[in-house]
Each structure stands twice: as C-alpha cells, then as structure tokens.
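Fold and geometry: a report
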Amino acid sequence: MASVETDHAIALRYPRRSLKRAERAFRCSPFRRELLGDMRSQSVSMRQVCGRGGLKSGYSRRLLPELKAETEMMWLIAVGLLRREVDGQGLTDSFRLTPMGRQVFDALAPLTPAQYRPTLSDHLYNAWCRWVRWPSWATL
C-alpha cells in the first residue's frame, strides 16, 4: 500500500492497485494535468471544463461536449479521483479532488506530458475496467 503524509500529518493509505487504476484513468481521459492542479485548491464547474472554456483554460486536450465531459468526470469519480461539490441545496455541477486524487496529482506533477502519455495497453486496460464494473457485493 502507498501512503502520503498530508499537511495535518494524517497518513492515508490506498492499495497500490487502486492508485495505479486512478492514475491510468486520468492519463487516458481527455483532461490535462492543469485540471487536477486547479481542483486541488478550488472546485471547478462543468462549464469551465467543457466546450471552448476547457480548451482556453488548458483543462482539456480537445473540444468536449458537456455530455462527454460529464461521462469522463463520472468515471474519475468512480475510480476515486474526484468528488462532486455539495451545497445547501444538494449536488452542484462542480468537482474537487479527493485525497486519492491529490496523491495521483502529486505523482503526475513532476512528469512531462510525454512521460505520462498513456500507452495502447493503458487505453485497453482502462476501457476494460470501464466496461467490466463489478457490483459492490461481488468484491467482498
């Protein structure tokens, strides 16, 4: 298991397999590392990520329609990288990093874009994981 010390000296441990899956999911996503960096300190709304705004802010590699961006964000939530923001009324259209997401960002931060570019096997394995999603009762 991997652990990271946070500012408050709390060690959070995640299985290495989970960290690798989350890192692979992000590398295979259409998003750039800048998105994780901004989500580390603030929430980022869907409007900032999709369409021309996502390109302008450096959050996405290509123009993303809202439905595609939402689908990709939901996968990143499923692997444990992101969480939805909640306000007094309920869920919002904004996202933030989870503690696991912070660890993945810290692992990717020193790398160049060429170094964290996904391989064909990364894309295939990520697609397999997205397609075969075991129900929670089957993983006990």
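Here's a quick rundown of the structure. (Residues numbered from 1 in each chain as written. Predicted model: local features only at pLDDT ≥ 70, side-chain atom pairs only at ≥ 80, totals over all residues. Heavy atoms only, no water.)

**A word on the pattern of salt bridges**
- On inspection of all chains with the given rule, the structure shows ten salt bridges.
- Ionic pairing is found between Arg 27 and Glu 23, a salt bridge with its closest N-O pair at 3.8 Å. Of this pair, Arg 27 and Glu 23 both sit in helix H1 (residues 16-28), four residues apart, roughly one helical turn.
- Judged by its relative accessible area of 17%, Glu 23 falls in the buried class.
- In this structure, the salt-bridge partner of Asp 93 is Arg 47, at a minimum N-O distance of 3.6 Å. One end of the pair, Asp 93, is in strand S5 (residues 90-97); the other, Arg 47, is in helix H3 (residues 46-49), with 46 residues separating them in the sequence.
- Classification of Asp 93 by relative accessible area gives partly exposed; the value is 28%. (Salt bridge = Lys/Arg side-chain N within 4 Å of Asp/Glu carboxyl O. Helix = DSSP H or I, 4+ residues; strand = E, 2+ residues; numbered from the N terminus. Buried < 20%, exposed > 50% of the residue type's maximum accessible area, 1.4 Å probe, protein only.)

**Looking at the sheet that holds strand S4 (residues 82-87)**
- Strand order in the open sheet made by the three strands is S3-S5-S4, with antiparallel pairing throughout. Edge positions in the sheet fall to strand S3 (44-45) and S4, since each of these pairs with one other strand and no more.
- Across two bridges, the pairing between S3 and S5 is antiparallel. Each residue of the ladder has a partner; that of Val 44, found in S5, is Phe 95.
- Contacting S3, S4 and S5, helix H2 (residues 33-41) crosses the sheet at an angle of about 115 degrees to S5. (Pairing = 2+ DSSP bridges. Contact = heavy atoms within 4.5 Å. Axes fitted to C-alpha atoms, helices over the stretch in contact; angles between N-to-C directions.)

**Observations concerning the environment of Arg 21**
- One can find Arg 21 in helix H1.
- Sequence spacing of Arg 21 and Val 79 is 58 residues, and the spatial spacing of their C-alpha atoms is 7.1 Å.

**Focus: the pairing of S4**
- With five bridges connecting them, S4 and S5 associate as antiparallel partners. Note that in S5 the partner of Val 86 across the bridge is Leu 91.
- Hairpin connection, S4 to S5: the antiparallel pair is bridged by two residues.

**A look at a nonpolar patch on the surface**
- A grouping of Tyr 125, Trp 128 and Trp 131 is seen on the molecular surface, where their side chains present a nonpolar patch of about 430 Å² in accessible area.
- In this structure, Tyr 125 sits in helix H7 (residues 120-131). (Patch = residues over 30% accessible without salt bridge, like charges linked within 9 Å, V, L, I, M, F, W, Y side chains within 5 Å. Areas by Shrake-Rupley, 256 points an atom, 1.4 Å probe, with all protein chains shown as cover.)

**Topic: the side chain of Ser 45**
- Summarising the element assignment, Ser 45 is placed in strand S3.
- Excluding anything up to four places from it in sequence, Ser 45 contacts Asp 93 and Ser 94.

**Here we look at the packing of H1 against helix H6 (residues 99-108)**
- Where H1 contacts H6, the axes come no closer than 10 Å and their chain directions differ by 70 degrees. Here H1 is positioned roughly perpendicular relative to H6, judged by the angle of their axes. The two elements H1 and H6 meet at a crossing, and its hand is right-handed. The residues of H6 that touch H1, namely those facing Ser 18, Leu 19, Ala 22, Glu 23, Phe 26 and Arg 27, are Met 100, Gln 103, Val 104, Ala 107 and Leu 108.
- Here the contact of H1 with H6 is built from residues that sort into seven nonpolar, two polar and two charged. (Parallel < 35°, antiparallel > 145°, perpendicular 65-115°, else oblique. Left-handed = near helix turned anticlockwise from the far one by under 90°. Nonpolar A, V, L, I, M, F, W, Y, C, P; charged D, E, K, R; others polar.)

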